[in-house]
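# Structural features, examined
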Amino acid sequence: MASKAFSLFLFTVLLLPLLSHGASRDTNNKKSSPFDFLKHLEGCHKGDNVSGIKFLKSYLEQFGYLNHSHSVMQNHTNDDDFDEPLESALKTYQLNFHLSTTGILDAKTISNMMMPRCGVADIINGRGGATIKIKKHDHNHGSFHTISHYAFFPGNPKWPVSKYNLTYGFLTGTTDRAMLPVAQPFRTWAANTHFTFSRAEDDTMADLQIGFKSRDHGDRFPFNGPGGLLAHAFPPTDGRLHYDANDQWSVGAVPGQFDLETAALHEIGHLLGLHYSNVQGAIMWPHISQGMTKGLDKDDIDGIKALYNV
Ligand code: ZN
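To keep things clear, this report deals only with the structure shown in the data block. (Residues numbered from 1 in each chain as written. Predicted model: local features only at pLDDT ≥ 70, side-chain atom pairs only at ≥ 80, totals over all residues. Heavy atoms only, no water.)

In this section: the overall build of the protein chain. A tally of helices and strands in the protein chain yields ten helices and seven strands. Among the 310 residues that make up the protein chain, the fraction classed as buried is 52%. Carbon and sulfur atoms form 54% of the exposed surface of the protein chain, whose accessible area is close to 14,600 Å². (Helix = DSSP H or I, 4+ residues; strand = E, 2+ residues; numbered from the N terminus. Buried < 20%, exposed > 50% of the residue type's maximum accessible area, 1.4 Å probe, protein only. Areas by Shrake-Rupley, 256 points an atom, 1.4 Å probe, with all protein chains shown as cover.)

Right under this line is the structure:
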């Protein structure tokens with residue numbers, strides 16, 4: 001036990017400098033998170049005007065709950081007014097995460113919002129499969145607990161039937177030690193789907209392109225430093241998977257760090273066409289916790305089988 005812990009420790013010490021891309025100074029301060037602004041807003045509700053509410057609006061806009069570009073009447077993105085659209089967006093967020101739909105930024109909602117997560121939006125183009133399903137159920141039966149499950153991206157994008165052998169490759173600068181942990185999650189998905197995965201002979205020609213990026217990296221979805229957003233991936237047939245280079249990554253469960261295999265298992269789900277699940281035990285739940293590993297859930301497997309009809 002002790003020697004296993006020690007070898008894990010040794011591996012982590014060796015691995016981290018290779019993964020952190022010179023950002024280790026930044027990552028040492030684990031107490032600060034890009035979502036810290038939320039702490040000062042506890043208890044805020046409709047009618048309030050508190051400095052920092054504009055950041056709450058940006059947060060909800062980033063994950064798809066607020067869409068200002070589609071509404072001329074509600075063009076209040078940059079102010080601190082807790083207005084009607086914000087209350088409505090917050091309620092949808094609370095519904096999606098099984099919180100009490102109070103419309104108030106209460107402590108439980110804040111603690112949920114502050115948890116590190118995948119950067120893919122919960123609602124895309126006004127549509128979030130999981131959210132819409134639970135809303136319907138809520139309307140019909142007054143409960144939203146029983147229908148929770150997987151969802152697809154709007155339009156159900158997926159790989160063509162003939163394209164079941166997907167190749168993967170790594171962006172320039174990815175170290176060997178960061179490449180190794182992605183092999184197991186690919187084996188796990190292969191074991192539960194009709195897909196096979198293999199390393200491309202030429203990384204630049206791979207169907208799936210994996211690498212570490214930091215801050216604004218040119219794909220309209222900037223990362224935000226240690227904590228906050230951890231990784232993201234694009235739906236079929238895009239193939240891009242990015243980890244945030246400024247987060248602390250480990251292999252296996254290491255306190256205060258994020259398991260690369262768990263993150264990859266989640267992001268590969270996006271690459272294959274799964275959006276989020278609102279089953280907390282599913283790998284496609286939006287949050288990825290520090291110091292733990294997670295595997296595929298029946299819900300994830302049901303989801304991928306439903307998408308590909310296999
Ligand atoms: Zn990216």
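Protein coordination of the zinc ion is provided by His217 (NE2), Asp219 (OD), His232 (NE2) and His242 (ND1), with donor distances spanning 1.7 to 2.2 Å. Every donor counted, the four donor atoms about the zinc ion form angles of 93 to 126° at the centre, which fits tetrahedral coordination. Mapping the donors of the zinc ion onto the primary sequence yields the spacing H-x1-D-x12-H-x9-H. Overall, His217 belongs to the buried group, its relative accessible area being 16%. Overall, the relative accessible area of 6% leaves Asp219 in the buried class. (Donors = N, O, S within 2.8 Å, 3.2 Å for Na, K, Ca; no water. Tetrahedral: all angles 85-135°; square planar, octahedral: opposite > 155°, others 65-115°.)

Moving on: the pairing of strand S5 (residues 240-244). For S5, the tally of buried residues reaches four of five residues, placing the bulk of the element in the interior. Relative to S5, strand S3 (residues 208-213) runs parallel, the two being bridged by five bridges. The partner of Gln209 across the bridge, within S5, is Arg240. Bridge analysis of strand S4 (residues 231-233) against S5 gives three bridges, and the strand direction is antiparallel. The partner of Ala231 across the bridge, within S5, is Tyr243. Joining the antiparallel neighbours S4 and S5 is a turn of six residues, in which Gly239 adopts a positive phi near 90°. (Pairing = 2+ DSSP bridges.)

Another point: the side chain of His232. Looking at the secondary structure, you find His232 in strand S4. Engagement of the side chain of His232 in a polar contact is seen with the side chain of Asp219, the distance being 3.3 Å. Leave out the neighbours within four places in its chain, and His232 touches Cys118, Gly119, Val120, His217, Asp219, Phe221, Phe223, Arg240, Leu241, His242 and Glu267. (Polar contact = N/O pair within 3.5 Å; in protein donor to acceptor, adjacent residues only side chain to side chain. Contact = heavy atoms within 4.5 Å.)

Residue placement: Asp300 occurs in helix H10 (residues 298-308). Classification of Asp300 by relative accessible area gives buried; the value is 0%. Once the C-alpha coordinates of Asp300 and Trp285 are considered, the two residues, 15 residues apart in sequence, prove to be 9.6 Å apart. Look past the residues within four positions of Asp300 in its chain and what remains in contact with it is Trp189, Leu274, Ala282, Ile283, Met284 and Gly295. Within the structure, the side chain of Asp300 is placed 2.7 Å from the backbone nitrogen of Asp297, a separation counted as a polar contact.

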